[in-house]
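Structure at a glance
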Amino acid sequence: MKLQKAIPTILKNGVLQFAVFFLGLNQAVGQNTFNYSIDFTKAEENTYTVSLSFNEIEGKNLQLIMPQWSPGYYQIMNYALDITDIKLKGKGSLTKTSNNSWQIKNFNKKTILTYDIKTLKKFVANSYVDENHAYIIPTNTFFYSKGNLKNKVTLRFNDKYRDIATGLKEVKGVYSAENFDILYDSPILLGSLDEYPSFTVNGKKHRFLAYNAGEVPEKELMKSLKSIVTEASKIFDDIPYDEYTFIGIGPGRGGIEHLNSTTVSFDNSSFEKKYSQKALYNFLSHEYFHHYNVKRIRPFELGPFDYQNGSRTTQLWISEGLTVYYEYIVNQRAGLLDRKEVLDQMAKTINQYESNPGKEHQTLIESSFRTWQDGPFGTYGPEPDKSISYYVKGPIVGFILDLAIRHATESEHSLDDVMRILYQRYYKDLGRGFTDAEFQSVCEEVAKTDLTEVFSFVYSTSPLNYTKYFGYAGLDLKKEGENSNANYVLSENQKATEAQKELLHKWLD
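Residues numbered from 1 in each chain as written. Predicted model: local features only at pLDDT ≥ 70, side-chain atom pairs only at ≥ 80, totals over all residues. Heavy atoms only, no water.

Digging into the sheet that holds strand β13 (residues 144–145)
As summarised here, the arrangement of the four strands in space is β8-β9-β6-β13, forming an open sheet in which the pairing is antiparallel. The two strands at the open ends of the sheet, each matched to only one other strand, are β8 (93–98) and β13. Two strands pair when backbone bridges link them, and β8 and strand β9 (residues 101–105) are joined in this way by five bridges, in the antiparallel orientation. The residue of β9 that forms the bridge with Ser98 is Ser101. (Pairing = 2+ DSSP bridges. Helix = DSSP H or I, 4+ residues; strand = E, 2+ residues; numbered from the N terminus.)

Following this line, the structure appears as structure tokens:
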């Protein structure tokens, strides 16, 4: 990711210039060239204008499609609804063929397609522009042509704003992506951005760029992030990117992971209280860990992406739930949480799960597959009291799974080993995602025993056996109060055996 000053040589009338090049699979010879430009003159109206010209595609029909969603946020976004005033200039005809696709016929190299994108909502998965900054979501902005998702993309751009940050590779002002998946994985932030002191882990540079964050304790922030990155990368003994950037998009809620960056809602209010600062570090740890778990260690269905219909999987409890679990584990190892705080976080999560009547109706895999209807927290569907969230049950099952592996192997192995094998075997060696069965197989390979009971908590609504699994680490879960006033407390058993104490010590050293 690069923060760069404006380059006057490619600035034309205050327009952000993009040039997108890729080989068209339906062309007999030559290279299809798509030239994009973005005009921010309507930024005060929260609108930007996109122009697309064709240089080397003549006399052919072309179907352009606007993605329906952004990977990392598992909801249909209907980005095409933001498009207004779409029209052709020059030769050719334009026909809308569906709610998010247009057919262009009989165009030539002088043909230009223009359209406005009206930004209505400040949210991490939506583009938003105003007079002071622009946050561009590529899936909310750039058409792709059917059959060409694997082709190379290069971008040239500049704008009316001072600074530019994007995860795309840059050489002499030219930004490139190997394919459209990389392009769509690379949001762009423009404006007057603050940059905090960078740090290096294993020779890789890490940066934090922020818009409208206010005064923050930047040295403390970056020191904490360095500890997080260090501990997370130790699990895998590998850092697969050249450079990584945390991008703070301003006040708000939410974050989305990317291969070499994360975009996060961020401002100085998180530093006002101790608990909110710890919550911030948990959040940042979560988003950082995602570049391993879901961007590289991924369910089979999450790649190649289906930008039209969404990519449905039953394994978001792994991608999201285990990432919640690891945000606590990583931050404890980084010295940002102590043992009691981790136990308190788990007890709070258990309280959320046990107080939800949906636990009697929906399994973990169902909550994952139905997230497109029910929402990530299981609250959007027609019967929210019959659904659960993989963000809640997922980390609890991850905790149980980790304890089961540690107990079965006398603390010689853990969930860390599972994550390492998944990373090496499926991401690095096979270059693909894993299936539900393959994930369970790896867990049992590490545990050297059958884990059917643990996985019954994934595939059924069976009550979680807290007593058995927490007992492995000498932990007691107690329920205080009744009904809506009930509260779960997770604590160390003062009568724990030496074996239980040793497992707890090796789990939370």
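Concerning unusual backbone geometry
The step from Gly303 to Pro304 runs through a cis peptide bond, and the omega angle for that step is -5 degrees. For Glu410, which is not a glycine, the phi torsion comes out positive at approximately 55 degrees. Summarising the element assignment, Glu410 is placed in the loop between α8 (390–408) and α9 (415–429). The phi dihedral of Ser411 falls on the positive side, at around 70 degrees, and the residue is not glycine. Within the fold, Ser411 resides in the loop between α8 and α9.

Considering the pairing of strand β6 (residues 62–65)
Of the pairings in the sheet, the one linking β6 to β9 comprises four bridges and is antiparallel in character. Among the inter-strand pairings, Gln63 is bridged to a residue of β9, identified as Gln103. In this sheet, β13 lies alongside β6 in antiparallel orientation, the contact comprising two bridges. Looking across to β13, one finds that Ile65 is bridged to Tyr144.

Details of the confidence of the model for the protein chain
Per-residue confidence for the protein chain gives a mean pLDDT of 90, with 92% of residues at or over 70. Note on residues 1–30: pLDDT under 50 across the span, and 115 contacts to partners over four residues away in sequence or across chains. (pLDDT = per-residue confidence, 0-100. Contact = heavy atoms within 4.5 Å.)

Structural notes on the side chain of Ser389
Mapped onto the elements, Ser389 comes out in the loop between α7 (371–374) and α8. The exposure class assigned to Ser389 is buried, which follows from its relative accessible area of 6%. Within the local environment of Ser389, its side chain forms a polar contact with the backbone oxygen of Pro376, the two atoms lying 3.1 Å apart. Those residues in contact with Ser389, other than ones at most four positions away along the chain, are Ser367, Pro376, Phe377 and Gly394. (Buried < 20%, exposed > 50% of the residue type's maximum accessible area, 1.4 Å probe, protein only. Polar contact = N/O pair within 3.5 Å; in protein donor to acceptor, adjacent residues only side chain to side chain.)

Considering the nonpolar core
The biggest cluster of nonpolar side chains holds 154 residues, and the ones touching the most others in it are Phe208, Leu221, Phe266, Trp317, Phe439 and Trp507. Discounting chain neighbours no more than four positions away, the residues touching Trp507 are Tyr325, Ile329, Val342, Leu343, Phe399, Asp402, Arg406 and Leu475. (Core = buried A, V, L, I, M, F, W, Y, C linked by side-chain atoms within 4.5 Å.)

Brief notes about the packing of aromatic side chains
The tally for this structure, following the rule as stated, stands at 45 aromatic pairs. Ring geometry for Phe208 and Phe246: centres 5.8 Å apart, planes at 15 degrees, overall stacked. One end of the pair, Phe208, is in strand β21 (residues 204–210); the other, Phe246, is in strand β22 (residues 243–248), with 38 residues separating them in the sequence. On the basis of an interplanar angle of 15 degrees and a centroid distance of 4.8 Å, the ring pair of Phe289 and Tyr326 is categorised as stacked. Taken together, the residues span a long stretch of sequence, with Phe289 in helix α3 (residues 274–289) and Tyr326 in helix α4 (residues 316–333) at a distance of 37 residues. We note that Phe289, like Tyr326, is buried. Over the face of the ring belonging to Phe123 we find Lys121, whose NZ or CZ atom lies 4.9 Å from the ring centre. The ring of Phe369 carries the charged tip of Arg312 above its face, separated from the ring centre by 5.9 Å. (Phe/Tyr/Trp six-rings, centres within 6.5 Å; stacked < 30°, edge-to-face > 60°. Lys NZ or Arg CZ within 6 Å of the ring centre and 35° of its normal.)

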